[in-house]
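Observations on the model geometry
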Amino acid sequence: MNNLLLLFITLTLTFPTVTFIATNNWITSAIVLVMTGVYLFLYAYPKVNKMLERNKKFHSCYTFINSFIIALSVKGSLLSAFETTNGVMDQEYMTVIDGISNLAEEERLDYLKRHYDFDIYMLFLSVIKIYMEQGGDILSISYYLTEELRRDEDYLIKCESISKRKVIEFSMLWLFTLLIVLILRFALNSFYLKITNLLLFQVAIGLLFLLIIGSIHLFIAKTNKVEVRGYRNV
């Protein structure tokens, strides 16, 4: 179970639990449960998971291209470059490579374009082809490629850093809001007992969680606008 799925399960269970504590009403709690679960698992999870997988894959692509070019400049052969690069790659990459270990080095590079579905990887293949046909200094041949790749990687890291900070700020804001609701529930217990049966109060609590879900939607929509240039799996 990945962290994102665990987070969404936690939210799906937490929201109706807080609703029930605040309202003492099973119907309102059930509505919040369904509303939260439907949104998080039918819309938010696929969106966020796809974005995270794309970013992870680009970081892996960045590591592969840089490591392969440096190894190729030192070792001078595709086979040796592969052997060196494999030592610094992630498990997902190694799973792909293990499945095509019977292929020649050029065929492995070509096959990897299915895994690294970015235009920058296609450019990398063109650079390797030029190097294999004409020779020369691979570091010089690939200079503009690696510079462009580095800029894209730096941009993505910066966007991820900003998003993480915003997630913390966003979470703290709504956490304090829910804590205030719970504190008022127990601090003003006699008052709460008088209003829990009021339809207006039940609707207000439901709208509060609808507002939270709406703010999550806006946050995801804004975060999802961060693009990796040349990503072809859209």
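Given the structure is predicted, the values throughout are model-derived calculations rather than measurements. (Residues numbered from 1 in each chain as written. Predicted model: local features only at pLDDT ≥ 70, side-chain atom pairs only at ≥ 80, totals over all residues. Heavy atoms only, no water.)

**Considerations on the nonpolar core**
By size, the foremost hydrophobic cluster in this structure holds 34 residues, and its most contacted members are Phe64, Phe68, Leu109, Tyr121 and Phe124. Put simply, the parts of the chain that give this core at least two residues each are helix H2 (26-75), helix H3 (78-86), helix H4 (91-99), helix H6 (119-134) and helix H8 (143-187). Contacts of phenylalanine 68, omitting those with residues within four sequence positions, involve Leu78, Ala81, Phe82, Thr85, Leu109, Phe124 and Ile128. Ala22, Tyr45, Tyr192 and Ile205 belong to the second-largest nonpolar core, a separate cluster that totals 26 residues. (Core = buried A, V, L, I, M, F, W, Y, C linked by side-chain atoms within 4.5 Å. Buried < 20%, exposed > 50% of the residue type's maximum accessible area, 1.4 Å probe, protein only. Helix = DSSP H or I, 4+ residues; strand = E, 2+ residues; numbered from the N terminus. Contact = heavy atoms within 4.5 Å.)

**Points about empty space enclosed by the protein**
Overall, the coordinates contain one cavity of 30 Å³ or more when judged by the stated rule. Taken as a whole, the largest cavity holds about 30 Å³ of empty space. Forming the boundary of the largest cavity are Lys56, Lys57, Ser60, Asp90, Glu92, Tyr93 and His115. If one sorts the elements of the lining of the largest cavity by residue count, H2 sits on top with three residues. For the lining of the largest cavity, the per-class residue count stands at one nonpolar, two polar and four charged. (1 Å grid on protein atoms, 1.4 Å probe; cavity = no way out; pocket = protein on both sides within 12 Å on 5 of 7 lines; lining within 4 Å. Points joined across faces, edges and corners; volume = space filled by probe spheres on them. Nonpolar A, V, L, I, M, F, W, Y, C, P; charged D, E, K, R; others polar.)

**Describing the packing of aromatic side chains**
Per the counting criterion, the structure on display carries 18 aromatic pairs. Considering the side-chain rings of phenylalanine 20 and tryptophan 26, the 4.3 Å spacing of their centres and the 35 degrees angle between planes classify their relative orientation as tilted. Aromatic pair phenylalanine 64 and tyrosine 93: ring centres 5.5 Å apart, planes at 40 degrees, arrangement tilted. Remark: tyrosine 93 occurs in helix H4 and phenylalanine 64 occurs in helix H2; sequence separation between them is 29 residues. Positioned above the aromatic ring of phenylalanine 82, the side-chain terminus of arginine 108 is 5.3 Å from the ring centre. (Phe/Tyr/Trp six-rings, centres within 6.5 Å; stacked < 30°, edge-to-face > 60°. Lys NZ or Arg CZ within 6 Å of the ring centre and 35° of its normal.)

**Quick look at the state of the cysteines**
Considering all chains together, one arrives at zero disulfides under this definition. Cysteine cysteine 61 is unpaired, with the sulfur of cysteine 159 as its nearest cysteine sulfur at 17 Å. Cysteine 61 gets classed as buried once you look at its relative accessible area, which sits at 0%. In this structure cysteine 159 comes out as buried when scored by relative accessible area, which is 13%. (Disulfide = S-S within 2.5 Å.)

**Let's talk about the layout of surface pockets**
When its volume is computed, the largest pocket comes out at roughly 990 Å³. Lining the largest pocket are 35 residues, and of these Leu7, Phe8, Val167, Ser171 and Phe219 lie nearest its centre. Put simply, the parts of the chain that give the lining of the largest pocket at least two residues each are helix H1 (3-23), H2, H8 and helix H10 (199-223). Per-element accounting of the lining of the largest pocket gives the leading share, 14 residues, to H8. Residues of the lining of the largest pocket, tallied by class, amount to 25 nonpolar, seven polar and three charged.

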